[in-house]
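The lines below spell out each chain.
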Amino acid sequence: MKVTVGVSGGIAAYKAVELVRAFQRQALDVHVVMTEAAQRFIQPLTFASLTGHRVITSLWNDGPEEENPASAIEHIDTAISTDALVVAPATANLVAKFAQGLADDFLTTMYLATPAPVVLAPAMNVNMWNHPATQANLRLLEDRGVRIVPPESGQLACGMVGSGRLAETDAILRAVLDVLHRRNDLAGETVLITAGGTRESIDPVRFLGNRSSGKMGYALAEAALRRGAKVVLVSAPTALRPPLGCEVVPVTTTEEMRTAVLGRLPEATIIVKAAAVADYRPVVQAEQKLKRSGPLTIELQPTEDILAEVVQRRREGQLVIGFAAETENALVHGRDKLLRKGADAIVLNDVSREGIGFDSDRNAVTFLTRQTAIEFPEMTKRELADRILEEVMSLRRPQKVVAEQ
Ligand code: CTP
(Lines give C-alpha, C1' and ligand atoms only; values in the text may rest on other atoms or scores of the structure.)
Protein backbone atom coordinates (compact mmCIF):
# COMPACT_ATOMS: atom_id res chain seq x y z
CA MET A 1 0.00 0.00 0.00
CA LYS A 2 1.13 3.50 -0.80
CA VAL A 3 1.32 6.26 1.79
CA THR A 4 2.15 9.85 0.89
CA VAL A 5 3.86 11.80 3.64
CA GLY A 6 3.43 15.56 3.35
CA VAL A 7 6.03 17.59 5.18
CA SER A 8 5.33 21.25 5.88
CA GLY A 9 7.71 23.87 7.19
CA GLY A 10 8.10 23.52 10.91
CA ILE A 11 11.04 22.72 13.13
CA ALA A 12 9.55 19.22 13.60
CA ALA A 13 10.12 18.50 9.88
CA TYR A 14 13.15 16.40 10.79
CA LYS A 15 10.87 14.05 12.75
CA ALA A 16 9.19 13.09 9.48
CA VAL A 17 12.33 11.05 8.75
CA GLU A 18 11.56 8.77 11.69
CA LEU A 19 7.94 8.54 10.54
CA VAL A 20 8.97 7.50 7.03
CA ARG A 21 11.12 4.74 8.55
CA ALA A 22 8.25 3.60 10.75
CA PHE A 23 5.96 3.31 7.70
CA GLN A 24 8.62 1.38 5.82
CA ARG A 25 8.90 -1.10 8.69
CA GLN A 26 5.19 -1.76 8.08
CA ALA A 27 6.05 -2.60 4.44
CA LEU A 28 4.31 0.52 3.17
CA ASP A 29 5.50 2.19 -0.02
CA VAL A 30 6.26 5.72 1.13
CA HIS A 31 6.30 8.80 -1.10
CA VAL A 32 7.17 12.25 0.19
CA VAL A 33 5.80 15.66 -0.77
CA MET A 34 7.44 18.75 0.72
CA THR A 35 6.28 22.33 0.88
CA GLU A 36 8.76 25.05 0.02
CA ALA A 37 9.15 26.03 3.67
CA ALA A 38 9.81 22.42 4.68
CA GLN A 39 12.87 22.42 2.42
CA ARG A 40 14.38 25.16 4.58
CA PHE A 41 14.41 22.72 7.48
CA ILE A 42 15.38 19.49 5.72
CA GLN A 43 16.70 18.48 2.32
CA PRO A 44 14.49 16.54 -0.12
CA LEU A 45 17.53 14.34 -0.75
CA THR A 46 17.16 12.83 2.74
CA PHE A 47 13.69 11.55 1.92
CA ALA A 48 14.62 10.58 -1.65
CA SER A 49 17.48 8.42 -0.33
CA LEU A 50 15.25 6.78 2.26
CA THR A 51 12.28 6.08 0.03
CA GLY A 52 13.94 5.51 -3.31
CA HIS A 53 11.39 7.85 -4.91
CA ARG A 54 11.72 11.37 -6.23
CA VAL A 55 10.47 13.83 -3.60
CA ILE A 56 7.82 16.15 -4.98
CA THR A 57 8.53 19.72 -4.03
CA SER A 58 6.61 21.78 -6.56
CA LEU A 59 3.68 21.79 -8.94
CA TRP A 60 6.13 22.70 -11.64
CA ASN A 61 8.88 20.43 -12.88
CA ASP A 62 12.09 22.30 -13.57
CA GLY A 63 14.13 19.37 -14.83
CA PRO A 64 13.97 17.28 -17.99
CA GLU A 65 10.70 15.78 -16.76
CA GLU A 66 9.14 19.00 -17.95
CA GLU A 67 9.02 17.38 -21.34
CA ASN A 68 6.95 14.55 -20.00
CA PRO A 69 3.32 15.48 -20.64
CA ALA A 70 2.15 13.22 -17.77
CA SER A 71 3.97 15.45 -15.29
CA ALA A 72 1.44 18.22 -15.84
CA ILE A 73 -1.13 16.21 -13.97
CA GLU A 74 1.24 14.62 -11.48
CA HIS A 75 -0.70 15.99 -8.50
CA ILE A 76 -3.82 14.23 -9.73
CA ASP A 77 -2.00 10.93 -10.39
CA THR A 78 -0.28 11.01 -7.01
CA ALA A 79 -3.52 12.02 -5.31
CA ILE A 80 -5.49 9.21 -6.94
CA SER A 81 -2.93 6.46 -6.48
CA THR A 82 -2.14 7.00 -2.81
CA ASP A 83 -3.93 4.99 -0.12
CA ALA A 84 -3.45 7.63 2.57
CA LEU A 85 -2.09 11.15 2.86
CA VAL A 86 -0.45 12.02 6.15
CA VAL A 87 0.95 15.45 6.86
CA ALA A 88 3.54 15.58 9.63
CA PRO A 89 4.30 18.15 10.79
CA ALA A 90 1.25 20.16 9.75
CA THR A 91 1.89 23.85 10.42
CA ALA A 92 -0.84 26.34 11.35
CA ASN A 93 -0.54 27.76 7.84
CA LEU A 94 -1.01 24.37 6.22
CA VAL A 95 -3.99 23.57 8.44
CA ALA A 96 -5.55 26.91 7.42
CA LYS A 97 -4.94 26.25 3.72
CA PHE A 98 -6.46 22.76 3.91
CA ALA A 99 -9.46 24.14 5.78
CA GLN A 100 -10.04 26.87 3.21
CA GLY A 101 -9.33 24.69 0.19
CA LEU A 102 -6.41 26.77 -1.07
CA ALA A 103 -4.30 25.01 -3.68
CA ASP A 104 -1.14 27.04 -4.20
CA ASP A 105 1.45 24.28 -4.05
CA PHE A 106 1.70 20.55 -4.65
CA LEU A 107 0.65 19.39 -1.18
CA THR A 108 -2.44 21.59 -0.92
CA THR A 109 -3.45 20.77 -4.49
CA MET A 110 -3.01 17.07 -3.83
CA TYR A 111 -5.14 17.32 -0.69
CA LEU A 112 -8.05 18.65 -2.72
CA ALA A 113 -7.62 16.00 -5.38
CA THR A 114 -7.24 12.90 -3.23
CA PRO A 115 -10.09 10.56 -2.40
CA ALA A 116 -7.80 8.83 0.13
CA PRO A 117 -8.13 9.28 3.89
CA VAL A 118 -6.12 12.17 5.30
CA VAL A 119 -4.27 12.29 8.63
CA LEU A 120 -2.83 15.52 10.02
CA ALA A 121 -0.28 15.69 12.81
CA PRO A 122 -0.05 19.39 13.70
CA ALA A 123 2.99 20.92 15.36
CA MET A 124 3.36 24.58 16.21
CA ASN A 125 3.85 27.14 18.94
CA VAL A 126 1.36 26.78 21.83
CA ASN A 127 -0.27 30.18 21.19
CA MET A 128 -0.71 29.36 17.52
CA TRP A 129 -2.21 25.99 18.49
CA ASN A 130 -4.62 27.57 20.98
CA HIS A 131 -5.65 30.39 18.64
CA PRO A 132 -9.39 30.24 17.84
CA ALA A 133 -8.56 30.44 14.12
CA THR A 134 -6.40 27.29 14.28
CA GLN A 135 -8.91 25.47 16.46
CA ALA A 136 -11.79 26.42 14.14
CA ASN A 137 -9.80 25.23 11.11
CA LEU A 138 -9.05 21.92 12.81
CA ARG A 139 -12.69 21.42 13.75
CA LEU A 140 -13.72 22.12 10.17
CA LEU A 141 -11.24 19.57 8.85
CA GLU A 142 -12.29 17.03 11.48
CA ASP A 143 -15.93 17.56 10.48
CA ARG A 144 -14.92 16.80 6.91
CA GLY A 145 -13.40 13.52 7.95
CA VAL A 146 -9.74 14.44 8.35
CA ARG A 147 -8.12 12.52 11.18
CA ILE A 148 -6.19 14.80 13.54
CA VAL A 149 -3.42 13.40 15.71
CA PRO A 150 -3.20 16.10 18.37
CA PRO A 151 0.18 17.48 19.41
CA GLU A 152 1.65 16.71 22.79
CA SER A 153 2.38 19.03 25.64
CA GLY A 154 5.88 19.90 26.73
CA GLN A 155 8.85 22.14 26.07
CA LEU A 156 8.57 23.59 22.58
CA ALA A 157 11.34 24.56 20.20
CA CYS A 158 10.47 28.23 20.75
CA GLY A 159 11.21 27.86 24.46
CA MET A 160 7.58 28.04 25.55
CA VAL A 161 5.84 25.21 27.35
CA GLY A 162 2.44 23.82 26.31
CA SER A 163 0.64 21.94 23.54
CA GLY A 164 2.27 22.01 20.13
CA ARG A 165 4.90 19.29 20.01
CA LEU A 166 4.45 16.85 17.15
CA ALA A 167 2.77 13.66 18.39
CA GLU A 168 4.94 10.59 18.95
CA THR A 169 5.72 8.59 15.81
CA ASP A 170 3.79 5.65 17.23
CA ALA A 171 0.60 7.69 17.64
CA ILE A 172 0.80 8.94 14.04
CA LEU A 173 1.61 5.45 12.78
CA ARG A 174 -1.39 3.99 14.63
CA ALA A 175 -3.75 6.60 13.17
CA VAL A 176 -2.51 5.92 9.64
CA LEU A 177 -2.72 2.13 10.01
CA ASP A 178 -6.22 2.61 11.34
CA VAL A 179 -7.42 4.66 8.34
CA LEU A 180 -5.70 2.26 5.93
CA HIS A 181 -7.40 -0.69 7.57
CA ARG A 182 -10.79 0.98 7.18
CA ARG A 183 -10.27 1.62 3.49
CA ASN A 184 -12.61 -0.49 1.40
CA ASP A 185 -13.32 -2.93 4.21
CA LEU A 186 -17.03 -2.58 3.39
CA ALA A 187 -16.61 -3.29 -0.32
CA GLY A 188 -19.31 -5.70 -1.44
CA GLU A 189 -21.71 -4.66 1.33
CA THR A 190 -24.99 -2.86 0.66
CA VAL A 191 -25.84 -0.76 3.68
CA LEU A 192 -29.42 0.38 4.12
CA ILE A 193 -29.51 3.31 6.53
CA THR A 194 -32.51 5.21 7.87
CA ALA A 195 -31.97 8.74 9.15
CA GLY A 196 -33.80 11.79 10.45
CA GLY A 197 -37.12 12.01 12.23
CA THR A 198 -40.35 10.96 10.57
CA ARG A 199 -43.33 13.34 10.61
CA GLU A 200 -47.01 12.61 10.93
CA SER A 201 -49.47 15.21 9.67
CA ILE A 202 -52.06 16.67 12.00
CA ASP A 203 -53.41 19.01 9.34
CA PRO A 204 -51.93 20.55 6.14
CA VAL A 205 -49.77 22.87 8.25
CA ARG A 206 -48.83 20.97 11.40
CA PHE A 207 -47.15 17.69 12.12
CA LEU A 208 -45.98 15.49 14.99
CA GLY A 209 -42.23 15.24 14.81
CA ASN A 210 -39.14 14.81 16.93
CA ARG A 211 -35.77 16.44 17.51
CA SER A 212 -33.66 14.14 15.35
CA SER A 213 -31.36 16.09 13.00
CA GLY A 214 -30.32 13.07 10.95
CA LYS A 215 -26.63 13.82 11.55
CA MET A 216 -25.79 10.38 12.95
CA GLY A 217 -27.47 8.53 10.08
CA TYR A 218 -25.83 10.78 7.47
CA ALA A 219 -22.43 10.32 9.14
CA LEU A 220 -22.95 6.56 8.98
CA ALA A 221 -23.87 6.80 5.29
CA GLU A 222 -20.76 8.81 4.57
CA ALA A 223 -18.48 6.50 6.54
CA ALA A 224 -19.93 3.41 4.83
CA LEU A 225 -19.44 5.01 1.41
CA ARG A 226 -15.87 5.98 2.24
CA ARG A 227 -15.23 2.37 3.20
CA GLY A 228 -16.43 1.05 -0.12
CA ALA A 229 -20.05 0.07 0.58
CA LYS A 230 -23.04 0.71 -1.61
CA VAL A 231 -25.35 2.89 0.48
CA VAL A 232 -29.10 3.38 0.33
CA LEU A 233 -30.14 6.23 2.62
CA VAL A 234 -33.82 6.30 3.49
CA SER A 235 -34.10 9.79 4.86
CA ALA A 236 -36.87 11.56 6.70
CA PRO A 237 -36.71 15.36 6.32
CA THR A 238 -33.41 16.89 7.47
CA ALA A 239 -31.47 20.06 6.76
CA LEU A 240 -28.46 18.05 5.63
CA ARG A 241 -26.90 17.52 2.23
CA PRO A 242 -26.64 13.79 1.53
CA PRO A 243 -23.12 12.48 0.98
CA LEU A 244 -22.14 12.19 -2.68
CA GLY A 245 -22.45 8.71 -4.04
CA CYS A 246 -25.29 7.33 -1.97
CA GLU A 247 -28.78 6.64 -3.19
CA VAL A 248 -31.26 8.75 -1.26
CA VAL A 249 -34.86 7.71 -0.81
CA PRO A 250 -36.69 10.69 0.68
CA VAL A 251 -39.64 9.90 2.95
CA THR A 252 -41.77 11.84 5.41
CA THR A 253 -44.02 9.53 7.39
CA THR A 254 -43.35 6.29 9.23
CA GLU A 255 -45.47 4.41 6.71
CA GLU A 256 -43.43 5.84 3.81
CA MET A 257 -40.23 4.87 5.61
CA ARG A 258 -41.61 1.38 6.17
CA THR A 259 -42.47 0.95 2.47
CA ALA A 260 -39.03 2.23 1.41
CA VAL A 261 -37.13 0.05 3.89
CA LEU A 262 -39.06 -3.14 3.18
CA GLY A 263 -38.75 -2.50 -0.57
CA ARG A 264 -34.96 -2.21 -0.40
CA LEU A 265 -34.50 -4.91 2.24
CA PRO A 266 -33.75 -7.84 -0.10
CA GLU A 267 -30.59 -6.26 -1.52
CA ALA A 268 -29.23 -5.00 1.84
CA THR A 269 -26.53 -6.87 3.72
CA ILE A 270 -26.45 -4.44 6.65
CA ILE A 271 -29.45 -2.48 7.91
CA VAL A 272 -28.86 0.42 10.28
CA LYS A 273 -31.99 2.02 11.67
CA ALA A 274 -30.68 5.34 12.92
CA ALA A 275 -33.95 7.20 12.25
CA ALA A 276 -36.11 8.47 15.07
CA VAL A 277 -39.43 7.05 14.00
CA ALA A 278 -42.77 8.53 15.05
CA ASP A 279 -44.45 5.91 17.22
CA TYR A 280 -47.91 7.42 16.81
CA ARG A 281 -49.89 9.08 14.08
CA PRO A 282 -53.16 11.01 14.30
CA VAL A 283 -56.11 8.73 13.60
CA VAL A 284 -57.59 11.46 11.43
CA GLN A 285 -55.61 14.00 9.46
CA ALA A 286 -57.64 17.19 9.06
CA GLU A 287 -58.02 18.23 5.45
CA GLN A 288 -58.10 21.91 6.34
CA LYS A 289 -56.02 23.78 8.87
CA LEU A 290 -57.44 23.26 12.36
CA LYS A 291 -58.81 26.48 13.77
CA ARG A 292 -57.99 27.58 17.27
CA SER A 293 -60.98 27.04 19.54
CA GLY A 294 -60.39 25.93 23.11
CA PRO A 295 -58.72 22.72 24.21
CA LEU A 296 -57.94 20.21 21.50
CA THR A 297 -57.56 16.46 21.81
CA ILE A 298 -55.90 14.55 18.99
CA GLU A 299 -56.46 10.83 18.99
CA LEU A 300 -53.34 8.88 18.04
CA GLN A 301 -52.79 5.36 16.85
CA PRO A 302 -49.51 3.43 16.95
CA THR A 303 -47.43 3.17 13.77
CA GLU A 304 -45.85 -0.07 12.58
CA ASP A 305 -42.56 -0.98 14.23
CA ILE A 306 -40.31 -1.06 11.15
CA LEU A 307 -37.32 -2.48 13.00
CA ALA A 308 -39.32 -5.39 14.37
CA GLU A 309 -40.68 -6.09 10.89
CA VAL A 310 -37.19 -5.97 9.36
CA VAL A 311 -36.00 -8.49 11.94
CA GLN A 312 -38.94 -10.78 11.13
CA ARG A 313 -38.21 -10.70 7.40
CA ARG A 314 -34.44 -10.79 7.56
CA ARG A 315 -32.60 -13.34 5.53
CA GLU A 316 -29.48 -15.26 6.47
CA GLY A 317 -26.37 -13.08 6.64
CA GLN A 318 -28.19 -9.77 7.05
CA LEU A 319 -27.08 -7.72 10.03
CA VAL A 320 -29.73 -5.56 11.67
CA ILE A 321 -28.69 -2.68 13.90
CA GLY A 322 -31.20 -0.55 15.77
CA PHE A 323 -30.82 2.68 17.68
CA ALA A 324 -32.37 3.52 21.02
CA ALA A 325 -32.89 7.01 22.35
CA GLU A 326 -33.39 6.87 26.10
CA THR A 327 -33.81 9.55 28.74
CA GLU A 328 -33.58 7.37 31.88
CA ASN A 329 -32.20 3.96 32.87
CA ALA A 330 -30.57 3.88 29.44
CA LEU A 331 -28.78 0.55 29.83
CA VAL A 332 -31.81 -1.30 31.19
CA HIS A 333 -34.13 0.06 28.48
CA GLY A 334 -31.49 -0.50 25.81
CA ARG A 335 -31.03 -4.15 26.76
CA ASP A 336 -34.76 -4.63 26.86
CA LYS A 337 -35.10 -3.08 23.38
CA LEU A 338 -32.34 -5.27 21.99
CA LEU A 339 -34.08 -8.44 23.15
CA ARG A 340 -37.60 -7.26 22.36
CA LYS A 341 -36.74 -6.19 18.81
CA GLY A 342 -34.38 -9.06 18.06
CA ALA A 343 -31.73 -6.86 16.42
CA ASP A 344 -28.07 -7.94 16.33
CA ALA A 345 -27.09 -4.77 18.15
CA ILE A 346 -28.53 -1.55 19.49
CA VAL A 347 -26.70 1.76 19.48
CA LEU A 348 -27.77 3.22 22.77
CA ASN A 349 -28.11 6.98 23.01
CA ASP A 350 -28.62 8.62 26.37
CA VAL A 351 -30.35 11.74 25.08
CA SER A 352 -30.66 13.28 28.53
CA ARG A 353 -26.97 14.28 28.41
CA GLU A 354 -26.35 17.97 27.66
CA GLY A 355 -24.43 19.09 24.58
CA ILE A 356 -24.41 15.77 22.75
CA GLY A 357 -26.95 13.69 20.88
CA PHE A 358 -29.87 15.46 19.19
CA ASP A 359 -28.76 18.10 16.70
CA SER A 360 -25.20 18.06 18.01
CA ASP A 361 -22.13 17.16 15.92
CA ARG A 362 -20.92 15.02 18.78
CA ASN A 363 -22.27 12.05 20.60
CA ALA A 364 -21.38 9.34 23.08
CA VAL A 365 -23.09 5.96 22.79
CA THR A 366 -23.02 2.38 23.99
CA PHE A 367 -22.93 -0.38 21.39
CA LEU A 368 -25.03 -3.15 22.88
CA THR A 369 -25.09 -6.75 21.74
CA ARG A 370 -26.44 -9.71 23.64
CA GLN A 371 -22.94 -10.42 24.96
CA THR A 372 -21.27 -7.04 25.18
CA ALA A 373 -21.73 -3.36 26.01
CA ILE A 374 -19.02 -1.27 24.37
CA GLU A 375 -18.91 2.33 25.51
CA PHE A 376 -17.80 5.01 23.08
CA PRO A 377 -16.93 8.24 24.87
CA GLU A 378 -17.91 11.61 23.42
CA MET A 379 -16.49 12.16 19.93
CA THR A 380 -17.59 13.57 16.56
CA LYS A 381 -20.47 11.74 14.93
CA ARG A 382 -18.16 11.09 11.97
CA GLU A 383 -15.62 9.29 14.11
CA LEU A 384 -18.41 7.54 15.97
CA ALA A 385 -19.85 6.36 12.66
CA ASP A 386 -16.56 4.63 11.85
CA ARG A 387 -16.35 3.06 15.30
CA ILE A 388 -19.93 1.79 15.02
CA LEU A 389 -19.24 0.31 11.58
CA GLU A 390 -16.17 -1.43 12.98
CA GLU A 391 -18.30 -3.09 15.65
CA VAL A 392 -20.94 -3.98 13.07
CA MET A 393 -18.31 -5.66 10.88
CA SER A 394 -16.91 -7.52 13.86
CA LEU A 395 -20.34 -9.16 14.26
CA ARG A 396 -19.65 -10.91 10.97
CA ARG A 397 -16.35 -12.39 12.02
CA PRO A 398 -17.46 -15.44 14.00
CA GLN A 399 -19.90 -16.36 11.20
CA LYS A 400 -17.12 -16.11 8.63
CA VAL A 401 -14.90 -18.45 10.61
CA VAL A 402 -17.70 -21.01 10.78
CA ALA A 403 -18.36 -20.65 7.04
CA GLU A 404 -14.72 -21.17 6.17
CA GLN A 405 -14.38 -24.42 8.12
N1 CTP B 1 -38.20 2.06 15.20
C2 CTP B 1 -38.85 1.59 14.08
N3 CTP B 1 -40.18 1.78 13.92
C4 CTP B 1 -40.90 2.42 14.86
C5 CTP B 1 -40.27 2.89 16.03
C6 CTP B 1 -38.91 2.69 16.15
O7 CTP B 1 -38.19 1.02 13.22
N8 CTP B 1 -42.20 2.60 14.67
C9 CTP B 1 -36.78 1.82 15.34
C10 CTP B 1 -35.91 3.06 15.38
O11 CTP B 1 -35.45 3.41 14.09
C12 CTP B 1 -34.75 2.62 16.26
C13 CTP B 1 -35.38 1.61 17.19
O14 CTP B 1 -36.60 1.18 16.56
O15 CTP B 1 -33.76 1.94 15.52
C16 CTP B 1 -35.71 2.12 18.55
O17 CTP B 1 -36.42 3.32 18.48
P18 CTP B 1 -36.95 4.01 19.80
O19 CTP B 1 -37.81 5.17 19.41
O20 CTP B 1 -35.82 4.25 20.74
O21 CTP B 1 -37.79 2.82 20.41
P22 CTP B 1 -39.29 2.44 20.39
O23 CTP B 1 -39.46 1.11 19.77
O24 CTP B 1 -40.09 3.54 19.80
O25 CTP B 1 -39.56 2.28 21.93
P26 CTP B 1 -39.92 3.40 23.02
O27 CTP B 1 -40.44 4.59 22.26
O28 CTP B 1 -40.93 2.74 23.87
O29 CTP B 1 -38.65 3.70 23.78
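What you are looking at is a predicted structure, and each value in this text was computed from that prediction instead of being measured.

Calculation notes
- Residues numbered from 1 in each chain as written.
- Predicted model: local features only at pLDDT ≥ 70, side-chain atom pairs only at ≥ 80, totals over all residues.
- Heavy atoms only, no water.
- Domains from an automatic or database assignment.
- Contact = heavy atoms within 4.5 Å.
- Buried area = accessible area lost by both parts, 1.4 Å probe.
- Near = heavy atom within 4 Å.
- Polar contact = N/O pair within 3.5 Å; in protein donor to acceptor, adjacent residues only side chain to side chain.
- Areas by Shrake-Rupley, 256 points an atom, 1.4 Å probe, with all protein chains shown as cover.
- Helix = DSSP H or I, 4+ residues; strand = E, 2+ residues; numbered from the N terminus.
- Buried < 20%, exposed > 50% of the residue type's maximum accessible area, 1.4 Å probe, protein only.
- Axes fitted to C-alpha atoms, helices over the stretch in contact; angles between N-to-C directions.
- Parallel < 35°, antiparallel > 145°, perpendicular 65-115°, else oblique.
- Nonpolar A, V, L, I, M, F, W, Y, C, P; charged D, E, K, R; others polar.

S.K.: Tell me about the domain arrangement of the chain, residues and numbers included.
M.R.: Considered domain by domain, the chain is made up of domain 1 (2-182) and domain 2 (190-404). Relative to domain 2, the C-alpha centre of domain 1 lies at a distance of 37 Å. Contacts between the two partners involve 6 residues from domain 1, matched on the other side by 7 residues from domain 2. For the pair domain 1 and domain 2, the summed buried surface comes to about 690 Å²; carbon and sulfur atoms form 39% of the total.

S.K.: Account for the site of the ligand, with residues named and values stated.
M.R.: In the vicinity of the ligand lie 15 residues, with Lys-273, Leu-307, Phe-323, Lys-337 and Lys-341 positioned nearest. For the ligand, an oxygen atom lies 2.8 Å from a polar atom in the backbone of Ala-275. Coverage of the ligand by the protein amounts to 80% of the 570 Å² it exposes when considered alone. Contributing elements (two or more residues each) for the shell around the ligand: helix H12 (306-313), strand S16 (319-326) and helix H13 (330-341). Ranked by the residues each element gives to the shell around the ligand, the list is headed by S16, at 4 residues.

S.K.: Lay out the environment of Glu-222 with the relevant residues and their values.
M.R.: Within the secondary structure layout, Glu-222 lies in helix H10 (residues 215-226). With relative accessibility at 27%, the residue Glu-222 sits in the partly exposed group. Sequence separation of Glu-222 and Gly-145 is 77 residues, and the distance between their C-alpha atoms is 9.4 Å. Look past the residues within four positions of Glu-222 in its chain and what remains in contact with it is Pro-243 and Arg-382.

S.K.: An account of the packing of helix H1 (residues 15-25) against helix H3 (residues 44-51) is requested, with residue identities and associated values reported.
M.R.: With their axes 11 Å apart at the nearest point, H1 and H3 run at an angle of 10 degrees to one another. Considering the angle they form, H1 stands roughly parallel to H3. Counted together, Ala-16, Val-17, Val-20, Arg-21 and Gln-24 of H1 and Thr-46, Phe-47, Leu-50 and Thr-51 of H3 form the full contact between these two elements. Considering only residue class, the contact of H1 with H3 consists of 5 nonpolar, 3 polar and 1 charged.

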